[in-house]
Every structure is written in structure tokens, then in C-alpha cells.
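# Secondary and tertiary structure notes
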Amino acid sequence: MAKEHWDILKNSTPFADDFWVLSDHHIQYKKQVFKGEVLTLKTYPEKPEGIRQPRKVEFYRGEELVLDSRTLWILMDSQNLKIRRVPEDWLEKI
């Protein structure tokens, strides 16, 4: 889901040719979900933390949050394969 979201947004950023590497992943399972239930999945980036870009992923059953996830990503320069720091305000520009 994060990759699909990035694929939609990347061309409106100066980082279209770069790629993200996952550095940390935390999941909280809040409620049990059963086969056949309809879930709504949401994902959105949060304000950068140094070289790390946090992203939230949430699963809802109706209005009820059943899964809460936070991942930290690091942007890599595709040319030199080094870490690329994104400006703190980069999300406001897309």
C-alpha cells in the first residue's frame, strides 16, 4: 500500500527516481478481524524525523480502528545509493 501511494505521488516531488528502504516497523493489533469482513485501509506520511520518514497505516472496520501501524522509511538516492535527507516541509509541497 505504501509503494502504491508513493507511485502516485512521486512525480510531484523532486525524488521521483529515488527509492525508499524500510528501517523500522511497528504494528498494534487492536481488535480481532474475521474472514469476510470489509476493512478500510488508510495510509499517510507524517512529518520527517531527521533522515527517517514516518508513515502511518490504519485498518478500520466501519469506524473502529482494528490495526495501527507506524513504519520508518529512509529515502535512498538512486544514483549514488546514499541516504537522501528530505526537507522537513517536503510534504506540504505535494
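Residues numbered from 1 in each chain as written. Predicted model: local features only at pLDDT ≥ 70, side-chain atom pairs only at ≥ 80, totals over all residues. Heavy atoms only, no water.

## A few points about the side chain of Asp68
- In this fold, Asp68 is placed in strand S4 (residues 64–76).
- Among the polar contacts made by the side chain of Asp68, one reaches the side chain of Lys56 at a distance of 2.5 Å.
- When sequence neighbours within four positions are dropped, the list of residues in contact with Asp68 reads His26, Ile27, Gln28, Lys30, Lys56, Val57 and Glu58. (Helix = DSSP H or I, 4+ residues; strand = E, 2+ residues; numbered from the N terminus. Polar contact = N/O pair within 3.5 Å; in protein donor to acceptor, adjacent residues only side chain to side chain. Contact = heavy atoms within 4.5 Å.)

## As for the pairing of strand S3 (residues 52–61)
- With seven of ten residues buried, S3 lies mostly within the body of the structure.
- Note: strand S2 (residues 40–45) against S3, six bridges, orientation antiparallel. Bridging from a neighbouring strand, Thr40 pairs with Tyr60 of S3.
- With ten bridges joining them, S3 and S4 adopt antiparallel strand pairing. (Buried < 20%, exposed > 50% of the residue type's maximum accessible area, 1.4 Å probe, protein only. Pairing = 2+ DSSP bridges.)

## Section: the environment of Tyr44
- As for its placement among the helices and strands, Tyr44 is situated in strand S2.
- Of the residues examined, Tyr44 reaches a relative accessible area of 33% and is grouped as partly exposed.
- Sequence separation of Tyr44 and Gly62 is 18 residues, and the distance between their C-alpha atoms is 19 Å.
- If sequence neighbours within four positions are ignored, Tyr44 has contacts with Arg55, Lys56 and Glu58.
- Side-chain polar atoms of Tyr44 contact the side chain of Glu58, separated by 2.9 Å.

## What about a nonpolar patch on the surface?
- On the surface, a nonpolar cluster with roughly 260 Å² of combined accessible area is contributed by Phe19, Val21 and Leu81.
- Position of Phe19 among the secondary structure elements: in strand S1 (residues 19–29). (Patch = residues over 30% accessible without salt bridge, like charges linked within 9 Å, V, L, I, M, F, W, Y side chains within 5 Å. Areas by Shrake-Rupley, 256 points an atom, 1.4 Å probe, with all protein chains shown as cover. Salt bridge = Lys/Arg side-chain N within 4 Å of Asp/Glu carboxyl O.)

## Brief notes about the environment of Thr40
- Looking at the element boundaries, Thr40 is found in strand S2.
- Here Thr40 falls in the partly exposed class, since its relative accessible area comes to 39%.
- Considering only alpha carbons, one finds Thr40 and Gly62, 22 residues apart in sequence, at a separation of 7.4 Å.

These figures capture arrangement, not role.
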